[in-house]
Structures are given as C-alpha cells and as structure tokens.
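Structural overview
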Amino acid sequence: MIKFKKFSPPTEGEAITVKDGKLVVPDNPVIPFIIGDGIGPDITNATRMVVDAAVEKASSGKKKIAWYEVYAGELADEKFGELIPEDTVEAIKHYHVALKGPLTTPVGKGFRSLNVTLRIVLDLYACVRPIRYFQGAPSPVRHPEKVDMVIFRENTEDVYSGIEWQQGSKEAKQVIDFLNTTMGTSISDDSGIGIKNISIEGTKRLVRMALDYAVSHNRKSVTFVHKGNIMKFTEGAFRNWGYEVAREEYGDYTITEDELHEKYSGKQPDGKIVVKDRIADAMLQLVLTRPEEYDILAMPNLNGDYFSDAIVAQVGGLGLAPSSNMAKDTFVFEASHGTAPKYAGRNMVNPGSLILTAAMMLDTIGFKEADALITKGVAGAIEQKTVTYDLERLMEGATTVSTSGFGEKIIENM
Ligand code: NAP
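Residues numbered from 1 in each chain as written. Predicted model: local features only at pLDDT ≥ 70, side-chain atom pairs only at ≥ 80, totals over all residues. Heavy atoms only, no water.

**Some thoughts on empty space enclosed by the protein**
Summed over all chains, the structure comprises 1 cavity of 30 Å³ or more. The space that makes up the largest cavity amounts to roughly 40 Å³. What lines the largest cavity is Lys100, Asn115, Leu118, Arg119, Leu122, Leu124, Asn325, Val332 and Glu334. The set of elements that each furnish at least two residues to the lining of the largest cavity consists of α4 (114-121) and β15 (331-334). (1 Å grid on protein atoms, 1.4 Å probe; cavity = no way out; pocket = protein on both sides within 12 Å on 5 of 7 lines; lining within 4 Å. Points joined across faces, edges and corners; volume = space filled by probe spheres on them. Helix = DSSP H or I, 4+ residues; strand = E, 2+ residues; numbered from the N terminus.)

Here it is as structure tokens:
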C-alpha cells in the first residue's frame, strides 16, 4: 500500500491499475483532483457534481468516483509551502487518472509554469483535444456541425523544448560561431537562436496513441499535419515515422490514401482507417473548407498549438473545449483555458470545458454511458439556450445561468 506524507486518499474507493498496457478500472475508482486557482474551485465543483450525477445515473448507483483532493498551485503553497508537493505527483502516478483545474504560475518562485512542470515530471507526451460542435453554440462558420476531430499534439519536443539562447548572449554567439565556421551556415551575428528537435521515439509514441484511439473509437482517418516540405528532417521526418508506425505496427487496421484509390477505387473498406498527411498551411484552409474529411489529426507541438485554437474557434471557443495531457498510462484531464482571476469565486464562468474534459476522462476509464450522458446534458443545456455569460453574449435569446446553474441544467438534460 502506497503511503502519502501530507494528504491521504479517501478510505472508500480502489485504485485503477494497469495490466498489459490497459487500465483496469474498479466500480469505485479513486481519482485525484487538483481544484485549481482562480476560477478553479467554481468549475471543478460544478464538474464533480455533474460527473457524480452522470456516473450514478448511468450505473443505477453501482459505480461511484472516490475523489481524492491533491494539491498544487496557490492552495498547495498556502497549506504546505510548496507549489507541487511530492504527494501530488505520486498520487497521479499511482492512480493513473487525474482531473486538474487551471493553475496560476506565481511570479518569482523559480517555476516557468506549474502546468509545464507537471507535464515534464509526469512525461505527459500527448495533448489530446476532441473538438465537436454542440447544436446552438455560437460559431463564426456556416457549418460548424461538420467539425468532429480529435487532435493529438506532441507535447515534449519541437521548438517548445525551451532550448533557446537570447540574441547577444555568449551562448547564442557560441552556437552561431560553431554553425557558421564548421557547418557552412551564414547566420547573422545579431540573431537569437532556438532549437527544433523532433525524435523517432517522441513521434512514434504519439502516433501510436493516435492510432490506438482511432482503432478503439472506430474513427475513419488519421492525418499527419506537418511542414515537411520545408523542414524536411524534423517535420518531414515526423510524417515519415508516422507512416512507418501505421504500416509496421497497425498494418491490419490501416491503408494509405494511395491504396484507397489504387486498390479500393476510393471507397473506404469497412474496418480500415485511412492514413494520410497534409502540409500545415494547406490544412489550415482544409479544416475550414472541408472539415468533414478530417477526423484524427496527429502533429508536432507547434502545429498542434495553432490547430487546437483554430479548430476550437469554429465550434464556439475555449468554453467548450476539453483537453487532456497523457502518457501511456498516466492521464491528466484539464480545461483548456486558464484561471481567469477576475471571475474567481463569482460562480459565473463557463464550466463546460472542464465538464467535457471530465466526460473524456470517463470515456478513458470505460465509463462510456456516463460520458454519453454528459455529452447529452451539455447539448441539451445549449439547445435550451440556458448558458453562462460568455455564450449568452454571443447567442440570440439566451438566458444567463451561473457556473453551478449550468451544471444543474446539464444534469437536468441527461
Ligand atoms: P484565461 O485564464 O484563459 O482567461 C482569459 C479570458 O478567457 C477570461 O478573461 C475570459 O474572457 C475567458 N475565459 C477563460 N476561461 C473561461 C471560462 N471558463 N468561462 C468563460 N470565459 C472564460 O487566460 P489568462 O488570463 O491569460 O491567464 C490567467 C492565468 O491562467 C495565468 O496565470 C496563466 O498562467 C494561467 N493559465 C493556466 C492554464 C492551465 O492551468 N492549463 C492555461 C492557461 C493559462 P472574458 O473576460 O472576455 O469573459
């Protein structure tokens, strides 16, 4: 039995375990949660209320989440004098699945970002964001209902590794001198330098996760989104390694776009996922003009950052955007927005992002009926136009409800 030093798990509830690479989930799984800073308590409390109601209803009372509060951010600092206590990291590792509210990064405490720190410490190498439309949500495009995509964004490499040197620094000068004198480049002396690194392992583990998801959720295609025409040995290699994984490890489940046309006359055979790739700039048009042709997207870190926000905007923005950071057997589910401090404690903001994130968490642990109930509840609340202020101001004839009120509307509509 694992021992925690500062805060203990609930006495009821059992741990989720991993067997043969798969989660084994009891009926009453212990799920650690970080309440979060700013609006964290508002949205986390509403989310737990909705999750509990969905799990209870879907299982007729047989299943129940045993919530385990663990600490990070301002509350952890206040209670324990540290921003991320060891217990929190150990609890997430031990219980495998956690829910997290947004965290502020206090200035001058030696952390670049608590969120990034957690991702690094737990090696959460994929950021996964399902993006779909809810009828009635405000959208800037004519056919938002055609959007139903899941982005798998690589989370640890690329220009996001933070390997960079400021213009004028000794290090930047050293790197520039080395490259110009021994590698034949002609980089201007007054440049800042950043490194773009993309590895075989980093790419392949992400692509495996995307393909596993596509197989287990009967999705139609997986598209690698890259700028390999220009950045051949990083983004181009990402594309090539992606195809290698699809061919060598998922050959029974996948065909390429060429095979689709040459062998199957363009008609997708049942049970096969089409693997394709698109250049990122063209893809930014395609997600707007032909979104129905895209399904699962796998991409390097920077592309993933751009695409997540661009596609989410089509379906109503961040208030309805779930997100999770995952490793092979560690999953941290979190809202895609921040702590919105000016609304903290006002029971006002939209909990939709964290609620849909929690629905994704339920899908991941196999509580699929509860996931479906939450999705139905959110759809119902939006269709009835009973929404929080952020959606109300963009919708005609809508009624504003509070954070907890939106949660209650979702429960009513399950
Ligand atoms: P933010 O907290 O996402 O808020 C920016 C604006 O987005 C808010 O003022 C509000 O807009 C809208 N918004 C965000 N969440 C909303 C919700 N649930 N419902 C309705 N509207 C919502 O971004 P920020 O102000 O740049 O960042 C604040 C802090 O959050 C920073 O300390 C940052 O480091 C942190 N942060 C944490 C995470 C994370 O934990 N994963 C992610 C991003 C940022 P209106 O004012 O127009 O209504």
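**Quick notes on the sheet that holds strand β4 (residues 66-70)**
Strand pairing in a sheet is mediated by backbone hydrogen bonds. Such pairs are either parallel or antiparallel. Judged by pairing direction, the sheet is mixed, and its 11 strands sit side by side in the order β4-β3-β5-β15-β14-β6-β7-β13-β10-β12-β11 without closing on themselves. Two strands in the sheet have a free side with no partner beyond their single neighbour: β4 and β11 (254-256). Taken pair by pair, the neighbouring strands of this sheet meet at an average axis angle of 25°, ignoring direction. The sheet contact formed by strand β3 (residues 30-34) and strand β5 (residues 97-100) spans 2 bridges and is parallel. Across the sheet, residue Phe33 finds its bridge partner in β5, namely Leu99. Set on the sheet, helix α8 (residues 257-264) makes contact with β11 and β12 (273-279); between it and β11 the angle comes to about 85°. Along the sheet, helix α11 (residues 352-364) contacts β3, β4, β5, β6 (126-132), β14 (324-326) and β15; its crossing angle with β15, the most-contacted strand, is approximately 155°. (Pairing = 2+ DSSP bridges. Axes fitted to C-alpha atoms, helices over the stretch in contact; angles between N-to-C directions. Contact = heavy atoms within 4.5 Å.)

**Considering the UniProt feature "binding site: NADP(+)" (unreviewed entry) in the protein**
Annotation from UniProt places "binding site: NADP(+)" (unreviewed entry) at Thr104, His337, Gly338, Thr339, Ala340, Pro341, Lys342, Tyr343, Asn350, Tyr389 and Arg393. For this annotated set, covering 290 residues, the C-alpha atoms extend up to 26.5 Å from each other, a dispersed arrangement in space. Checked against the lining of the second largest pocket, the annotated residues just named reduce to His337, Gly338 and Thr339. Summarising the element assignment, Thr104 is placed in the loop between β5 and α4. Contact partners of Thr104, with chain neighbours within four places excluded, come to Asp37, Glu74, Leu114 and Thr339. Within the fold, Ala340 resides in the loop between β15 and α11. (UniProt positions renumbered as here; feature names shortened; annotations may be inferred.)

**What about the pattern of salt bridges?**
As enumerated under the stated definition, the model contains 21 salt bridges in all. Note that Arg205 and Asp123 form a salt bridge whose closest N and O atoms lie 2.9 Å from each other. Of the two residues, Arg205 sits in helix α6 (residues 200-216) while Asp123 sits in the loop between α4 and β6, which places them 82 residues apart along the sequence. By relative accessible area, Asp123 is classed as partly exposed at 32%. A salt bridge links Asp305 to Arg153; its shortest N-O distance comes to 3.7 Å. One end of the pair, Asp305, is in helix α10 (residues 301-314); the other, Arg153, is in strand β7 (residues 148-154), and 152 residues separate them in sequence. (Salt bridge = Lys/Arg side-chain N within 4 Å of Asp/Glu carboxyl O. Buried < 20%, exposed > 50% of the residue type's maximum accessible area, 1.4 Å probe, protein only.)

**Overview of the site of the ligand**
Neighbouring residues of the ligand: 19 residues in total, closest Gly338, Ala340, Tyr343, Asn350 and Tyr389. Lys100 places a polar side-chain atom, nitrogen or oxygen, 3.4 Å from an oxygen atom of the ligand. In the model, an oxygen atom of the ligand is placed 2.7 Å from a nitrogen or oxygen of the Ala340 main chain. Contact with the protein chains hides 65% of the accessible area of the ligand, taken as 880 Å² for the molecule alone. (Near = heavy atom within 4 Å. Polar contact = N/O pair within 3.5 Å; in protein donor to acceptor, adjacent residues only side chain to side chain. Areas by Shrake-Rupley, 256 points an atom, 1.4 Å probe, with all protein chains shown as cover.)

**Describing the UniProt feature "binding site: Mg(2+)" (unreviewed entry) in the protein**
Following the UniProt record, the feature "binding site: Mg(2+)" (unreviewed entry) maps to Asp305 here. Looking at Asp305, the relative accessible area reads 25%, which means it is partly exposed.

**Describing the packing of helix α12 (residues 368-383) against helix α14 (residues 403-412)**
Packed helices, taken two at a time, are described by their axes: the angle between them and the distance between them. Remark: α12 packs on α14, axes separated minimally by 7 Å, with the N-to-C direction vectors making an angle of 115°. In terms of orientation, α12 lies roughly perpendicular with respect to α14. In the crossing of α12 with α14, the sense of the turn from one axis to the other is right-handed. In this structure, α12 contributes Ile374, Gly377, Val378, Ala381 and Ile382 to the contact, and α14 contributes Phe406, Lys409 and Ile410. Of the residues assigned to the contact of α12 with α14, the class counts are 6 nonpolar, 1 polar and 1 charged. (Parallel < 35°, antiparallel > 145°, perpendicular 65-115°, else oblique. Left-handed = near helix turned anticlockwise from the far one by under 90°. Nonpolar A, V, L, I, M, F, W, Y, C, P; charged D, E, K, R; others polar.)

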